[in-house]
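# Per-entry structural report
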Amino acid sequence: MKISTANYGLCLFDKANLAGFIARNGNPREKILKQLIDNHNLYLRALEEGVFLPIPEIDSIDYFITFDLVPDNNIVKFKYGQFNLNVINNEIWISDIGLLNKSNLKAFETTSKIENVLLNGDIECIAQKHYIENGRYEIEIIGSVDTNSTPCLSFLFSKCNGFIVNDPREYVFEFD
């Protein structure tokens, strides 16, 4: 799958889990990303509970995305692990992080893919649903490039019983 970002960040989340977390701890009518940015304790709780996995400050380009594999012959540029995600609805979204600043999850309700039409008429995918078994997962993020230098983000999921909290903002997601 290919995902494009215009907002220098991607994120993974289970929509039902994120909606429930915001209903319990925030304001469901407000923009979710703004709530997480404005309230550092809320952001940290979201990481601790595996509600939201941001991949911040990443170049604003198209990314090839894989789950549970790194493409053969790709050159690994970075590898970071022990991020958390709690799946309660057998699905996760990978999304341009900016979509969470435009809505309160309504954009994710009636579709499995969100696309954007560019000025030249091209269509780019900016969010897509991926199905995964319910459970608590430790995630390793691997950045790699193919022979054409196309960036690939691979997410490796391992079921776990408890979470070790790492803040993704402390890592550098660069392909150079």
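Now for a description of the structure that goes with this document.

Rules used throughout
Residues numbered from 1 in each chain as written. Predicted model: local features only at pLDDT ≥ 70, side-chain atom pairs only at ≥ 80, totals over all residues. Heavy atoms only, no water. Buried < 20%, exposed > 50% of the residue type's maximum accessible area, 1.4 Å probe, protein only. Helix = DSSP H or I, 4+ residues; strand = E, 2+ residues; numbered from the N terminus. Arc of directions from axis to C-beta. Contact = heavy atoms within 4.5 Å. Polar contact = N/O pair within 3.5 Å; in protein donor to acceptor, adjacent residues only side chain to side chain. Salt bridge = Lys/Arg side-chain N within 4 Å of Asp/Glu carboxyl O. Pairing = 2+ DSSP bridges. Axes fitted to C-alpha atoms, helices over the stretch in contact; angles between N-to-C directions.

## Structural notes on helix α1 (residues 15–25)
Those residues of α1 not exposed but buried are Lys15, Asn17, Leu18, Phe21 and Ile22. The buried residues of α1 occupy an angular sector of 165° when the element is viewed end-on, so they sit on one face. Those residues of α1 that are buried lie in contact with β2 (9–13), α2 (32–38), α3 (40–48), β5 (75–87) and β6 (91–96). A distance of 2.9 Å separates the backbone nitrogen of Ala16 from a side-chain oxygen at the start of α1, and that oxygen is part of Asp14.

## Structural notes on the pattern of salt bridges
Applying the stated criterion across every chain, the model contains five salt bridges. Between Glu49 and Arg24 there is a salt bridge, with the nearest N and O atoms lying 3.7 Å from each other. With a gap of 25 residues between them, Glu49 in the loop between α3 and β3 (52–56) and Arg24 in helix α1 connect regions that are remote in the sequence. Judged by relative accessible area, which is 31%, Glu49 ranks as partly exposed.

## Focus: α3
Residues of α3 that are buried include every one of Leu42, Tyr43, Ala46 and Leu47, and no others. Axial view of α3: buried residues confined to an arc of 140°, hence all on one face. Contacts made by the buried residues of α3 are with α1, α2, β3 and β5. Looking one or two residues past α3, Gly50 carries a phi angle of roughly 70°, positive in sign.

## Topic: the sheet that holds strand β1 (residues 2–4)
Taking strand neighbours across the sheet as the criterion, the five strands line up as β1-β4-β10-β9-β5 in an open arrangement whose pairing is mixed. Two strands in the sheet have a free side with no partner beyond their single neighbour: β1 and β5. Strand-to-strand twist of the sheet, defined as the mean angle between neighbouring strand axes without regard to direction, takes the value 30°. Relative to strand β10 (residues 151–159), strand β4 (residues 62–67) runs parallel, the two sharing four bridges. Opposite Phe64, over in β10, you have Cys152 as the bridge partner.

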